[in-house]
Amino acid sequence: MRKNIVAGNWKMNKTLQEGLEFTKELNAALAGKELNCDVIIGAPFTHLASLAGEAKGFAIAAENCADKESGAYTGEVSASMVASTGAKYVILGHSERRAYYGETEAILTEKVKLTLANGLTPIFCIGEVKEEREAGKHMEVVEKQISEALFGLSAEDFAKLVIAYEPVWAIGTGLTATSEQAQEIHAHIRSVIANKYGAEIAENCTILYGGSCKASNAKELFSRPDVDGGLIGGASLSVDQFLPIVEAF
Ligand code: PGA
């Protein structure tokens, strides 16, 4: 079933102690609240086990995992290691990983498969850069990213994914896609999925919006029929800014 989700992405921010402090605060803020969405926090590998042990009312995500199962890959962290911490999700294909660490669709396919094989849910990020949007190629770009990385999956596996549409020009820039722009491309993404896997899987797919999503614009974005929540960077670093986004549903 399609879920509403608000997921934080801390990126390379917060020490373990700061992460635990946030967790305590968010636990207290969520206690006894009836929420209309699932809440996730994406954190660095070093924090996963501790946060997963402490979090109440929200799940923990890794921000990446290796494209290999195990072995001589110094410095890498496998999907099975992530699963062993108690984390439930893995953010994959974030534009920063694509741009700074050379992640290609082929590498991402491996990561998605290993994530699923270990019982974790991938939050798979797609999105165009500014030049592509200005050239009117954004629909094409996201279609290519989804089809190249994900359309080798069985329908059963695809149905387990969460998709996050994040226009790269909106990430950390303070520029947000308008809710019309978000709705238009989310509906397109859903139709691309429907063409491949059928209407039911497309209808049930959770598609998040990311890119300068904050308390002031979350309600408007989430009110759109094909926007099922948000992937939140900067505004997930403090409970004060993150909680109103969760409560926007
Ligand atoms: P931002 O980041 O909310 O700071 O724009 C979103 C993301 O990169 O997931």
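See the structure above.
Quick caveat: nothing in here was measured; it's all calculated off a predicted structure.

A.B. asks: Teacher, can you tell me more about the overall build of the protein chain here?
C.D. replies: A tally of regular secondary structure across the protein chain gives 12 helices and eight strands. Scaling as 2.2 N^0.38, a compact globule of 249 residues should have a C-alpha radius of gyration of about 18 Å, and the protein chain matches this with 17 Å. Each of the three principal axes of the protein chain carries a C-alpha extent, and together these read 45 × 45 × 35 Å. When burial is assessed residue by residue, the protein chain has 51% of its 249 residues classed as buried.

A.B. asks: Would you mind showing me how to read the site of the ligand here?
C.D. replies: Neighbouring residues of the ligand: 13 residues in total, closest Lys 11, His 94, Glu 166, Gly 172 and Ser 212. Here Lys 11 contributes a side-chain N or O atom positioned 2.7 Å from an oxygen atom of the ligand. Between the ligand and the protein, one listed contact pairs an oxygen atom with a backbone N or O atom of Ser 212 at 2.7 Å. The protein chains hide 95% of the 280 Å² of surface that the ligand would expose on its own. Residues of the shell around the ligand, tallied by class, amount to four nonpolar, seven polar and two charged.

A.B. asks: How do you make sense of the pattern of salt bridges when you look at a structure like this?
C.D. replies: Pairing between side chains becomes possible if they bear opposite charge and their charged atoms approach one another. Here the structure, examined in full by the defined rule, presents 18 salt bridges. With a closest N to O distance of 3.2 Å, Glu 148 and Lys 144 form a salt bridge. Of this pair, Glu 148 and Lys 144 both sit in helix H7 (residues 138-150), four residues apart, which is roughly one turn of that helix. One salt bridge connects Glu 180 with Arg 224, and the closest N-O pair in it is separated by 3.2 Å. Of this pair, Glu 180 sits in helix H9 (residues 179-197) while Arg 224 sits in the loop between helix H11 (215-222) and strand E8 (229-232); the two residues are 44 residues apart in sequence, bridging distant segments of the chain. The exposure class of Glu 180 is partly exposed, given its relative accessible area of 48%.

A.B. asks: Hey, could you run me through the pairing of strand E4 (residues 89-92) in this one?
C.D. replies: Remark: a regular strand shows side chains that alternate across the two faces of the sheet. The two faces of E4 match: Tyr 89 and Ile 91 on one face and Val 90 and Leu 92 on the other face are all buried. For strand E3 (residues 59-62) and E4, the ladder comprises two bridges, and the chain directions are parallel. Within the sheet, the bridge partner assigned to Ala 62 lies in E4 and is Val 90. Handedness of the E3-helix H3 (residues 79-84)-E4 crossover: right-handed. Alignment of E4 against strand E5 (residues 121-126), held across four bridges, turns out to be parallel. Note that in E5 the partner of Tyr 89 across the bridge is Thr 121.

A.B. asks: Would you mind going over the sheet that holds E4 with me for this structure?
C.D. replies: What holds strands together in a sheet is hydrogen bonding between their backbones, with the strands either parallel or antiparallel. A barrel is described by the order of its strands in space; here eight strands give the closed sequence E1-E2-E3-E4-E5-E6-E7-E8, paired in parallel fashion. This sheet shows a mean twist of 25° between the axes of neighbouring strands, independent of strand direction. Summarising the sheet, strand E7 (residues 206-210) and E8 pair through two bridges and their orientation is parallel. Residue pairing across strands places Tyr 209 opposite Gly 230, the latter belonging to E8. Strand contacts of helix H5 (residues 105-117): E4 and E5, with the helix running at about 160° to E5, the strand carrying the most contacts. Here H9 sits on the sheet and contacts E5, strand E6 (162-165) and E7; the angle it forms with E7, its principal contact strand, is near 145°.

A.B. asks: Is there a simple way to think about helix H12 (residues 239-246) in this case?
C.D. replies: Every α-helix carries 3.6 residues per turn, so stepping three or four residues along brings you back to the same face. The complete set of buried residues in H12 reads Val 239, Phe 242, Leu 243, Ile 245 and Val 246. Viewed end-on, H12 has its buried residues packed into an arc of 160°, placing them on one side of the element. Contacts from the buried residues of H12 go to strand E1 (5-9), helix H1 (16-30), strand E2 (38-43), H11 and E8.

A.B. asks: Looking at this model, I keep getting lost on the state of the cysteines. Mind explaining?
C.D. replies: One pass over the structure, following the stated rule, counts zero disulfides. Residue Cys 65 stays outside any disulfide, its sulfur separated by 13 Å from that of Cys 125, the closest cysteine. Judged by its relative accessible area of 2%, Cys 125 is buried.

A.B. asks: Is there a simple way to think about H11 in this case?
C.D. replies: Here H11 has its buried residues at Asn 217, Ala 218, Leu 221 and Phe 222. Each buried residue of H11 lies within a common arc of 125° when the element is viewed along its axis, so the set occupies one face. Exposed residues pointing more than 90 degrees away from the buried face of H11 are listed as Ser 216 and Lys 219. Among the structural elements, E1, H9, E7, E8 and H12 are those in contact with the buried residues of H11.

A.B. asks: For this particular structure, what's the right way to read the nonpolar core?
C.D. replies: Nonpolar side chains in soluble globular proteins tend to be buried together. In this structure, Leu 150, Phe 158 and Ile 189 are the most contacted members of the largest nonpolar core, which totals 67 residues. Per-element tally for this core: the top contributor is H9, with six residues. Of all hydrophobic cores here, the second largest spans 13 residues; its members include Ala 7, Ala 61, Ala 164 and Leu 208.

What counts, and at which threshold
- Residues numbered from 1 in each chain as written.
- Predicted model: local features only at pLDDT ≥ 70, side-chain atom pairs only at ≥ 80, totals over all residues.
- Heavy atoms only, no water.
- Helix = DSSP H or I, 4+ residues; strand = E, 2+ residues; numbered from the N terminus.
- Rg over C-alpha atoms; globule rule 2.2 N^0.38 Å.
- Buried < 20%, exposed > 50% of the residue type's maximum accessible area, 1.4 Å probe, protein only.
- Near = heavy atom within 4 Å.
- Polar contact = N/O pair within 3.5 Å; in protein donor to acceptor, adjacent residues only side chain to side chain.
- Areas by Shrake-Rupley, 256 points an atom, 1.4 Å probe, with all protein chains shown as cover.
- Nonpolar A, V, L, I, M, F, W, Y, C, P; charged D, E, K, R; others polar.
- Salt bridge = Lys/Arg side-chain N within 4 Å of Asp/Glu carboxyl O.
- Pairing = 2+ DSSP bridges.
- Right-handed = clockwise from strand over helix to strand, strands pointing away.
- Axes fitted to C-alpha atoms, helices over the stretch in contact; angles between N-to-C directions.
- Contact = heavy atoms within 4.5 Å.
- Arc of directions from axis to C-beta.
- Disulfide = S-S within 2.5 Å.
- Core = buried A, V, L, I, M, F, W, Y, C linked by side-chain atoms within 4.5 Å.

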